[in-house]
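Here is what each chain is made of, one letter per residue.
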Amino acid sequence: MINEEFKKSKKVNWLTKEKRPIVIAGPCSAETEDQVIQTAVRLKEIGKSDIFRAGIWKPRTSPGSFEGVGVKGLPWLKTVKELTGFPVTVEVAKASHVELCLENQVDILWIGARTTVNPFAVQEIAEALKSVDIPVLIKNPINPDVALWIGAVERLRKSGVKELGAIHRGFSNLGETYYRNRPQWQIAIEFMRNNPDLPMLCDPSHICGRRDILQEIGQKAMDLDYDGLMIETHIDPDNAWSDAMQQVTPETFASIISGIKLKYDFEDNFRLQSKLDQLRELIDNIDDEIINLLSNRMSVSRDIGLYKKEHDMTIYQHKRWNEIIGRTCKQGEKSGLSEEFILKYISAVHDESIDQQGQVMKDGE
Ligand code: PEP
Ligand code: MN
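Residues numbered from 1 in each chain as written. Chains lettered and ligands numbered in written order. Predicted model: local features only at pLDDT ≥ 70, side-chain atom pairs only at ≥ 80, totals over all residues. Heavy atoms only, no water.

Turning our eyes to something else, we now look at the pairing of strand S6 (residues 164–168). On any regular strand, side chains alternate: one points to one face of the sheet, the next to the other face. S6 sits mainly inside the fold: five of its five residues count as buried. Along S6, one buried face is formed by Leu 164, Ala 166 and His 168 and the opposite face, lined by Gly 165 and Ile 167, is buried too. Bridging between strand S5 (residues 136–139) and S6 involves four bridges; their strand directions are parallel. The residue bridging Val 136 from the neighbouring strand is Leu 164, located in S6. Assessed by its sense of winding, the connection that carries the chain from S5 through helix H7 (residues 146–158) to S6 is right-handed. Chirality of the crossover, the property in question, places the unit of S6, helix H8 (residues 185–194) and strand S7 (residues 200–202) among those that are right-handed. (Buried < 20%, exposed > 50% of the residue type's maximum accessible area, 1.4 Å probe, protein only. Helix = DSSP H or I, 4+ residues; strand = E, 2+ residues; numbered from the N terminus. Pairing = 2+ DSSP bridges. Right-handed = clockwise from strand over helix to strand, strands pointing away.)

And the structure:
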């Protein structure tokens, strides 16, 4: 049961009227009628999901990979609705997709990460949705740009779309190996702060790109007060035509969902606690950035150490130190930081810097 305060505070939306988490499950792609129907029927028997997803048009990185079955898959979803009663959701990337979905009684649309990134495409979809009453979920853009994500919401709102939600599916990053798409939780939190009335779902499948950490990411999302989850589920994931590594069987999906604990009960003060967790996530992120910056600073400092060594200069230079103090205190004052704090901070940084330069000098001896 969702309490009244919860409803008022945020989700007056279709998505969370009934339960939390709201769960979307189904294959990355519709492949064959059998695969779609078997997956949906099994999901229904298992009873852990609310909405059935299937990609009909697939935005793939390389041409020649499977690009979706296209319009012939839409009647399969109608059968899913008849057999299971699940509402169905499909990704749309252009106006013609929207029209075909509407003709085939798709219940919910979602806009994919590769589309959110492109304001022309989002605008085209927004126009196709004028005076149409259908919920739309908007995935974050593939690049870590919260403004594009918020902009897509605004385009749809301006077109009169009333029932909107967001899906956080992570951000692509060169060289990432642990995640397929880095979560960068702080961006989703920023989005939520900007759009407190929109339900936020997490898509662990596209964040993880693998099966073993789906639950961990789903749990983290729920701890951060997300409203739901979208998890790719396939009757035979090993042989899936797209995203095989991250898809799970309906049985594994069920155990992932069962393993996710809602830390804070609706009757409790969980919203306050989740809010605190969100803010702490932001702080942790900033601390990580500060440490990275400090590490970059030390690396420049070691280069200076080498230079001093080559030119027979002393490590500590009084004039330079005074300059640093003057600059940073002035900068601190502009940023609302006390002189006392800046002096403590910059002295600690300077000491470490001198030590690291000393190390560089010694190394060459
Ligand atoms: C998908 O959900 O199958 C999909 C293509 O996702 P994304 O837009 O997040 O890459
Ligand atoms: Mn996928």
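Still to come is the rest of the account.
So, about the packing of helix H2 (residues 33–46) against helix H3 (residues 74–84). Contact geometry for H2 and H3: axes closest at 10 Å, N-to-C directions at 25°. In terms of their interaxial angle, H2 and H3 are classed as roughly parallel. Note on packing geometry: the crossing formed by H2 with H3 is right-handed. Facing Glu 33, Val 36, Ile 37, Ala 40, Val 41 and Lys 44 of H2, the residues of H3 in contact are Trp 76, Leu 77, Thr 79, Val 80, Leu 83 and Thr 84. For the contact of H2 with H3, the class distribution of residues is eight nonpolar, two polar and two charged. (Axes fitted to C-alpha atoms, helices over the stretch in contact; angles between N-to-C directions. Parallel < 35°, antiparallel > 145°, perpendicular 65-115°, else oblique. Left-handed = near helix turned anticlockwise from the far one by under 90°. Contact = heavy atoms within 4.5 Å. Nonpolar A, V, L, I, M, F, W, Y, C, P; charged D, E, K, R; others polar.)

Now for the nonpolar core. Ranked by internal contacts, the top residues of the largest apolar core, which has 70 residues, are Phe 52, Leu 77, Leu 109, Leu 129, Val 136, Leu 156 and Tyr 226. With residues near it in sequence (within four places) discarded, Leu 77 still touches Val 36, Phe 52, Ala 54, Ile 56, Val 88 and Val 90. Among the nonpolar cores identified, the runner-up in size contains nine residues, and Ile 22, Ile 24, Ile 108 and Ile 167 belong to it. (Core = buried A, V, L, I, M, F, W, Y, C linked by side-chain atoms within 4.5 Å.)

To continue, consider the coordination of the manganese ion (ligand 2). Summarising the metal site, the manganese ion (ligand 2) is bound by the protein donors Cys 28 (SG), His 206 (NE2), Glu 232 (OE) and Asp 243 (OD), whose distances to it range over 2.1 to 2.4 Å. When the donor residues of the manganese ion (ligand 2) are listed from N- to C-terminus, their spacing reads C-x177-H-x25-E-x10-D. Residue Glu 232 is located in strand S8 (residues 228–232), and its partner Asp 243 is located in the loop between S8 and helix H11 (250–259); the two are separated by eleven residues in the primary sequence. (Donors = N, O, S within 2.8 Å, 3.2 Å for Na, K, Ca; no water.)

Bringing the site of ligand 1 into the picture now. Surrounding ligand 1, one finds Cys 28, Arg 53, Lys 58, Glu 91, Trp 110, Gly 112, Ala 113, Arg 114, Lys 139, Arg 169, His 206 and Glu 232. Here an oxygen atom of ligand 1 and a side-chain polar atom of Arg 169 are 2.6 Å apart. With respect to ligand 1, the side chain of Glu 232 contributes an N or O atom lying 3.2 Å from an oxygen atom. (Near = heavy atom within 4 Å. Polar contact = N/O pair within 3.5 Å; in protein donor to acceptor, adjacent residues only side chain to side chain.)

Confidence in the prediction for the chain averages 91 pLDDT; 92% of positions are at 70 or higher. Here residues 1–12 is modelled with pLDDT under 50, and outside its nearest four sequence neighbours on either side it reaches 31 contacts, counting other chains as well. (pLDDT = per-residue confidence, 0-100.)

Here we take up the pattern of salt bridges. One pass over the structure, following the stated rule, counts eleven salt bridges. Salt-bridge contacts for Glu 232 lead to Arg 53; the nearest nitrogen and oxygen are separated by 3.3 Å. Taken together, the positions of Glu 232 in strand S8 and Arg 53 in strand S2 (residues 51–53) put the pair 179 residues apart, joining distant regions of the chain. Taking relative accessible area as the criterion, Glu 232 reaches 1% and is therefore assigned buried. Taking the shortest distance from any N to any O, the salt bridge between Asp 197 and Arg 157 comes out at 3.0 Å. Residue Asp 197 is located in the loop between H8 and S7, and its partner Arg 157 is located in helix H7; the two are separated by 40 residues in the primary sequence. (Salt bridge = Lys/Arg side-chain N within 4 Å of Asp/Glu carboxyl O.)

What helix H6 (residues 119–128) keeps buried is the set Ala 121, Val 122, Ile 125, Ala 126 and Ala 128. Take H6 and look down its axis: the buried residues cluster within an arc of 165°, on one side only. Looking at the buried positions of H6, the neighbouring elements they touch are strand S3 (88–92), helix H4 (95–103), strand S4 (108–111), helix H5 (113–116) and H7. (Arc of directions from axis to C-beta.)

Quick look at the pairing of strand S1 (residues 22–26) now. Where burial is concerned, most of S1 is hidden: five out of the five residues are buried. The alternating pattern of S1 places Ile 22, Ile 24 and Gly 26 on one face and Val 23 and Ala 25 on the opposite face, and all of these are buried. As paired strands, S1 and S8 are joined by five bridges and run parallel to one another. Looking across to S8, one finds that Val 23 is bridged to Leu 229. As judged from the two bridges shared by S1 and S2, these two strands associate in the parallel manner. Residue pairing for S2: Ile 24 is matched across the bridge by Ile 51. This β-α-β element, S1 to H2 to S2, shows right-handed connectivity.

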